[in-house]
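Chains, contacts and geometry: an overview
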Amino acid sequence: MSNRMWGGRFGASPDDIMEEINASIGFDQRLFAQDIRGSRAHCDMLAAQGIISGEDAASIDAGLAQIEAEIEAGAFSFSRALEDIHLNIEARLTDIIGPAAGRLHTARSRNDQVATDFRLFLRDSLEHLGAQTTALMRVLAEHAETHAALIMPGFTHLQPAQPVTYGHHLLAYVEMLSRDRSRFADARARLNQCPLGAAALAGTPFPIDRHATADALGFDAPTANSIDSVSARDFALEALSAMAICATHLSRLAEEIVIFASPDFGFLELPDAFSTGSSIMPQKRNPDAAELVRAKSGRIIGALTGLFVVMKGLPLAYSKDMQEDKEGVFNALDSVSLCLAAMTGMMEKLTPVPERMRAAAGKGFSTATDLADWLVRKADVPFRDAHHITGALVALAEQQACDLADLDLDTMQNVDARITDDVYSVLSVENSVASRTSFGGTAPDNVRAAAQSWCAALADDKS
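**Focus on the overall build of the protein**
Across its full length, the protein carries 18 helices and six strands. Against the globule reference of 23 Å for 463 residues, the protein gives a C-alpha radius of gyration of 30 Å, more extended than a compact globule. Along the three orthogonal principal directions, the C-alpha set of the protein runs to about 100 × 55 × 40 Å. Counting every position in the protein, which comprises 463 residues, the buried fraction comes to 49%. When the accessible surface of the protein is summed, it comes to about 21,500 Å², and 52% of that surface belongs to carbon and sulfur atoms.

Structure below.
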């Protein structure tokens, strides 16, 4: 028996293998709410334009409402033989209201239908990711205010560089996440045009009102070109790109949790709720949640790459290849959402260890740059000369197995006579941190003010 939804052209049903490769209902059933919403808006427009009768429109709308209730209740039977969410819903609508169901597909195609569903789904999802990002930013900003003066080592190349504060370090991630949130909002704004009514690729001869449909679905406008309407997936690529960048930021934070919670660093204490033990080593506390956040970035970046590869060689307009657009996006959305939730929970409960951070901040001659800056400010030494002098003093300290602050003044003056005992005022990590008062610097007053500003802005954010 041929497929009753498109079988007029075909005399036999699909081969089992063809059905297996062709069916998308296993994943695109997630679009049911958006598909029904789009169909109800399309139905209303068809009736308003006199293309279908008010009686048929009322029957269609009631049938779609019943189907939505059945799906939400878990009482709907999805059929692989009907390929996708669109045909599954249309077939059930026919069962409920009879031949009038066939009028719903007037002036549209599955091509513009799925493009509309996908945009609606992504729009909702990007709003959710934006809200989750805001929640994580709040946690980080609150902790940054609490720990505005907690000194820790700042690193470059994972080598001690200059002392900073833990609050300042956390605010770096707030800035990253604020850009992620902005990218989610930008992607949502750009995709907010409605393809419905573009039909298969060329538009339709029926006197439809695409502006009315777009407005009913909350879009800013209908898409302007019918070919582009059904063939574009750059909105999904842009959303995936924003997700991949966000996942990269979360992965970097996760990596630092793994490193800083290790015994060799001991900067952070992992919460029990986000750690696991070992099946054989009873002393272990493993940062599995952080490691999995780190790992899932590969899955998300892979989804972006996968869709790029699908789209790169497709001629206009629609090709069946584009059915492969959704699984990767769905998986990436689920993964980013889970990672944001896990990281928010982890950061809420993560505890810094101040004495370990402070002790490490003084290692590795982390105030060497302060010494060079002092030579420039106090002794009028050109910075390149000051850099050379400081390097010589670091070498002496290494030979004597001591910190810069432990070198006596005579030893320093043997390297350069312009050094005075005032130099010791800049060689402590506390003074080093306090001196970094430039805009965006790590001075505790700066950090506290920046954290308070973020906390206030995020408290006002209703997302």
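Text resumes after the structure shown.
**Comments concerning the side chain of Thr 116**
With respect to the secondary-structure elements, Thr 116 resides in helix 6 (residues 110–146). With sequence-adjacent residues up to four places away left out, Thr 116 is seen in contact with Cys 194, Pro 195, Leu 196, Leu 217 and Phe 219.

**A short note on the pattern of salt bridges**
Evaluation of the coordinates by the stated rule reveals 19 salt bridges. The partner of Asp 373 in a salt bridge is Arg 436, with the nearest N and O atoms 3.4 Å apart. Residue Asp 373 is found in helix 14 (residues 368–379), and its partner Arg 436 is found in the loop between helix 17 (429–435) and helix 18 (444–460); the two are separated by 63 residues along the sequence. Overall, Arg 436 belongs to the partly exposed group, its relative accessible area being 22%. Between Asp 416 and Arg 418 there is a salt bridge, with its nearest N and O atoms 2.8 Å apart. Connected through salt bridges with shared partners, the residues Arg 40, Asp 61 and Glu 68 form a single ionic network.

**Focus on the packing of aromatic side chains**
Each aromatic ring pair is specified by the distance between its two centres and by the angle formed by the two planes. Summed over all chains, the structure comprises nine aromatic pairs. Every member of this aromatic cluster is reached through a ring pair, and the members are Phe 118, Phe 121, Phe 235 and Phe 330. A cation over a ring is seen here: Arg 123 above Phe 219, with NZ or CZ 4.8 Å from the ring centre.

**Details of the nonpolar core**
Nonpolar side chains in soluble globular proteins tend to be buried together. With 95 residues, the main nonpolar core has Leu 122, Tyr 166, Met 243, Leu 250, Ile 257, Met 343 and Met 347 as its most contacted residues. A per-element tally of this core places helix 10 (residues 234–260) first, with 17 residues. In contact with Met 347, not counting residues within four places along its chain, are Leu 136, Val 139, Leu 140, His 143, Tyr 166, Leu 170, Leu 253 and Ile 257. Listed in part, the 21 residues of the second largest apolar core include Trp 374, Ile 389, Cys 402 and Val 426.

**Regarding the state of the cysteines**
In the structure shown here, the tally under the stated rule is zero disulfides. Of the cysteine sulfurs around Cys 43, a residue in no disulfide, the closest is that of Cys 194, at 15 Å. Classification of Cys 43 by relative accessible area gives buried; the value is 0%. Free cysteine Cys 339: the closest other cysteine sulfur is in Cys 246, separated by 8.6 Å.

**Describing the pairing of strand 1 (residues 151–156)**
Here is the key point about a regular strand: its side chains alternate between the two faces of the sheet. Relative to strand 2 (residues 159–165), strand 1 is paired through six bridges, and the arrangement is antiparallel. Within the sheet, the bridge partner assigned to Pro 153 lies in strand 2 and is Pro 163. Hairpin connection from strand 1 to strand 2: two residues lie between these consecutive antiparallel strands, with His 157 at a positive phi of about 60 degrees.

**Considerations on the environment of Arg 294**
Secondary-structure assignment places Arg 294 in helix 11 (residues 288–311). Here Arg 294 falls in the partly exposed class, since its relative accessible area comes to 29%. Once you skip the residues sitting within four places of it in the chain, Arg 294 turns out to touch Ser 251, Ala 254, Glu 255 and Val 258.

**A closer look at the side chain of Lys 326**
Within the fold, Lys 326 resides in helix 12 (residues 325–349). Assessed through its relative accessible area of 4%, Lys 326 is described here as buried. With residues up to four places along the chain from it excluded, the contact list for Lys 326 reads Phe 27, Asp 28, Leu 31, Val 114 and Phe 118.

**A word on a nonpolar patch on the surface**
Where nonpolar side chains cluster on the molecular surface, the patch consists of Leu 201, Ile 227 and Leu 316 and spans about 280 Å² of accessible area. As for its placement among the helices and strands, Leu 201 is situated in the loop between strand 3 (193–194) and helix 8 (210–216).

**A few points about the packing of helix 6 against helix 18**
Here helix 6 crosses helix 18 at 150 degrees, and the two axes come no closer than 8 Å. With respect to each other, helix 6 and helix 18 are oriented roughly antiparallel. As helix 6 packs across helix 18, the resulting crossing turns out to be left-handed. The residues of helix 18 that touch helix 6, namely those facing Thr 134, Met 137, Arg 138, Ala 141, Glu 142, Ala 144 and Glu 145, are Val 447, Ala 451, Gln 452, Trp 454, Cys 455, Leu 458 and Ala 459.

**Description of unusual backbone geometry**
Going from Leu 316 to Ala 317, the amide bond is cis rather than trans, its omega being 10 degrees. With respect to the helices and strands, Ala 317 occurs in the loop between helix 11 and helix 12. Phi angles above zero are rare outside glycine, and His 157 is one such case at about 60 degrees. Within the secondary structure, His 157 is located in the loop between strand 1 and strand 2. Positive phi, normally seen in glycine, also occurs at Asp 380, with a value near 55 degrees. Mapped onto the elements of the fold, Asp 380 is located in the loop between helix 14 and helix 15 (383–400). Of the residues examined, Asp 380 reaches a relative accessible area of 68% and is grouped as exposed.

About the thresholds
Residues numbered from 1 in each chain as written. Predicted model: local features only at pLDDT ≥ 70, side-chain atom pairs only at ≥ 80, totals over all residues. Heavy atoms only, no water. Helix = DSSP H or I, 4+ residues; strand = E, 2+ residues; numbered from the N terminus. Rg over C-alpha atoms; globule rule 2.2 N^0.38 Å. Buried < 20%, exposed > 50% of the residue type's maximum accessible area, 1.4 Å probe, protein only. Areas by Shrake-Rupley, 256 points an atom, 1.4 Å probe, with all protein chains shown as cover. Contact = heavy atoms within 4.5 Å. Salt bridge = Lys/Arg side-chain N within 4 Å of Asp/Glu carboxyl O. Phe/Tyr/Trp six-rings, centres within 6.5 Å; stacked < 30°, edge-to-face > 60°. Lys NZ or Arg CZ within 6 Å of the ring centre and 35° of its normal. Core = buried A, V, L, I, M, F, W, Y, C linked by side-chain atoms within 4.5 Å. Disulfide = S-S within 2.5 Å. Pairing = 2+ DSSP bridges. Patch = residues over 30% accessible without salt bridge, like charges linked within 9 Å, V, L, I, M, F, W, Y side chains within 5 Å. Axes fitted to C-alpha atoms, helices over the stretch in contact; angles between N-to-C directions. Parallel < 35°, antiparallel > 145°, perpendicular 65-115°, else oblique. Left-handed = near helix turned anticlockwise from the far one by under 90°.

Fair warning: the whole summary comes from geometry, so function is off the table for now.
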